[in-house]
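These are the residues of each chain, in order.
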Amino acid sequence: MTEDTSSSRKEASSRTETREQFPPLPAHGGQVKAIMRHFPEAQRPFIDLSTGVNPNAYPLTMPSPASLTRLPEQDEEDDLRAAAAAAYGVSDPSMVASGPGSQSLISLLPRILNANRAYILGPTYSGHETAWLQAGVPVSKFSNFFGLESQASQPGAICVVCNPNNPDGRSFSAEMLVALASRCATYGNYLVVDEAFADFEGESVANALPHPGLVVLRSFGKTYGLPGVRLGFLISAEPIAQRTRDMFGSWPVSGLAIAAGRQALLDTDWLERARLTARRARARLDGILRNAGFDSKGDSSLFTLVETEHAMKVWLHFCRQGIVTRFFDGRANVLRVGLPDGDEAWARLEHALHLWREHAA
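Residues numbered from 1 in each chain as written. Predicted model: local features only at pLDDT ≥ 70, side-chain atom pairs only at ≥ 80, totals over all residues. Heavy atoms only, no water.

**Q** Pulling in residues and values, what's your account of the overall build of the chain?
**A** On a plain count of helices and strands, the chain comes out with 13 helices and 13 strands. Here the chain has a C-alpha radius of gyration of 22 Å; the compact-globule value for 361 residues is 21 Å, and the two agree. Within the span of the chain, comprising 361 residues, buried residues form 51% of the whole. Taking all contacts inside the chain whose residues are at least 6 apart in sequence as the whole, residues at least 24 apart take part in 70%. For the chain, the exposed surface amounts to about 16600 Å²; the carbon and sulfur share of it is 49%. Where the 35 positive side-chain charges of the chain centre and where its 39 negative ones centre are 4 Å apart. (Helix = DSSP H or I, 4+ residues; strand = E, 2+ residues; numbered from the N terminus. Rg over C-alpha atoms; globule rule 2.2 N^0.38 Å. Buried < 20%, exposed > 50% of the residue type's maximum accessible area, 1.4 Å probe, protein only. Contact = heavy atoms within 4.5 Å. Areas by Shrake-Rupley, 256 points an atom, 1.4 Å probe, with all protein chains shown as cover. Lys, Arg positive; Asp, Glu negative; His and termini not counted. Charge placed at Lys NZ, Arg CZ, Asp CG, Glu CD.)

**Q** Describe in detail the pairing of strand β10 (residues 303-307), supporting the description with residues and values.
**A** Burial of β10 is extensive: four of the five residues sit out of reach of the surface. As judged from the two bridges shared by strand β9 (residues 296-297) and β10, these two strands associate in the antiparallel manner. Paired with K297 across the bridge in β10 is L305. Counted between consecutive antiparallel strands, the loop separating β9 from β10 contains five residues, among which G298 sits at a positive phi close to 105°. Alignment of β10 against strand β13 (residues 331-338), held across five bridges, turns out to be antiparallel. Pairing of V306 across the sheet is with L335, part of β13. (Pairing = 2+ DSSP bridges.)

**Q** Go over the packing of aromatic side chains, please, and point to the residues and values.
**A** Considering all chains together, one arrives at 11 aromatic pairs under this definition. Considering the side-chain rings of F145 and F146, the 5.8 Å spacing of their centres and the 85° angle between planes classify their relative orientation as edge-to-face. Since its relative accessible area comes to 53%, F146 is described here as exposed. An angle of 20° between the planes, with centres 4.7 Å apart, marks the rings of F220 and Y224 as stacked. (Phe/Tyr/Trp six-rings, centres within 6.5 Å; stacked < 30°, edge-to-face > 60°.)

**Q** Go over the environment of H310 with me, naming the residues and quoting the values.
**A** As for its placement among the helices and strands, H310 is situated in the loop between β10 and α12 (311-320). Its relative accessible area of 36% is what places H310 among the partly exposed residues. Sequence separation between H310 and N333 is 23 residues, and the spatial gap between their C-alpha atoms is 6.7 Å.

**Q** Go over the nonpolar core, please, and point to the residues and values.
**A** Within the largest apolar cluster, 87 residues are counted, with the highest numbers of intra-cluster contacts made by L191, F220, Y224, F233, L265 and W315. With sequence-adjacent residues up to four places away left out, W315 is seen in contact with F22, P23, L25, I35, F39, T325, R326, F327 and L335. Among the nonpolar cores identified, the runner-up in size contains 23 residues, and L113, I158, Y190 and L234 belong to it. (Core = buried A, V, L, I, M, F, W, Y, C linked by side-chain atoms within 4.5 Å.)

**Q** Explain helix α5 (residues 126-134) to me, and be specific about the residues and the numbers.
**A** Within α5, burial applies to G127, H128, A131 and W132. Buried residues along α5 cover an arc of 125° about the axis, so they all sit on one side. For α5, the elements touching its buried residues are α4 (102-112), β3 (117-121), β4 (139-142), β5 (157-162), β6 (190-194) and β7 (214-219). A positive backbone phi angle near 85° is found at G136, which sits one or two residues after α5. (Arc of directions from axis to C-beta.)

**Q** Help me get a handle on helix α3 (residues 74-87), residues and values and all.
**A** In an α-helix there are 3.6 residues to a turn, and that puts residues three or four apart on one side. Between its terminal C-alpha atoms α3 stretches 20 Å, which fits the 20 Å expected from 14 residues at 1.5 Å a residue. Burial in α3 covers these residues: E76, E77, L80, R81, A83, A84 and A85. Where α3 is buried, its residues contact β2 (96-99), β8 (232-236), α9 (238-248) and α10 (255-264). Once α3 ends, the next one or two residues include G89, with phi positive near 75°. (Expected span 1.5 Å × (residues − 1).)

Following this line, the structure appears as structure tokens:
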């Protein structure tokens, strides 16, 4: 047996051993308790860096308990949509439909938009592919924007772009996306732009509405650090927005979601401070990752992507330190890392990276 062959077998054995120790992964970020059941000796409290949610939550004034003992009034939901229209630069609330989180809106898209095939720019958030496939619509994925653009003329085409993209933070200019939406509209098709992370980046296509070929999705929870509120918005030309509202029917969102949205969406001063805080935190995160020998990628302020051949081992190492990042089944060379919340979380992340650097040296 040659030395090279022996070394290769040892490396393969090491990869197999690591894979066998690897726990089942949830479909999305979060689900920290389910993951950490496999690491009973890990430090507590657990730190969740897997979601890309703003760790600095909006200081929500909770509604009175009495307001939760009745169904929401129609004018309250109308006020919420008006607040969303103002926040996202849309001229008329009739172009806004609210829902219990942007994921619920993604799942509803195949019932809103007639499609023969969905064309998705990826790798990206898996919820889009899942929604179309579960509705019986075939999906084609493209890693190149111009490859996606070439499909806009296909009969019954729905093009999907996340901007900024999740998980790699890749972004495209509003000008490019509006041009693609116009190409789609020429053939009676649609471009869906998922702007779940756009509030902190400044590039939105929502102000191009009403547009005959454009549908925009926005997430409330990620920006305002309140994902448990479950609130999201579909923004489009009025007929599609109305169809969405009709499908949800009465009371599409809870009284708590209405109260949170009406407060936070109009608080532009808070949003500006949150943007600055997130950008500074992302720069800090990039710095400590770089010191540990990792390069950061992407334009999103709320998370970064790390490429490393040791991604699986790094993920396991973090978990043993009580820190959950996002590992992607089928993409064994990348990790997504969100922003820590508070001094203790930052210190524990730096310590975990220090231990990894010592181990790798």
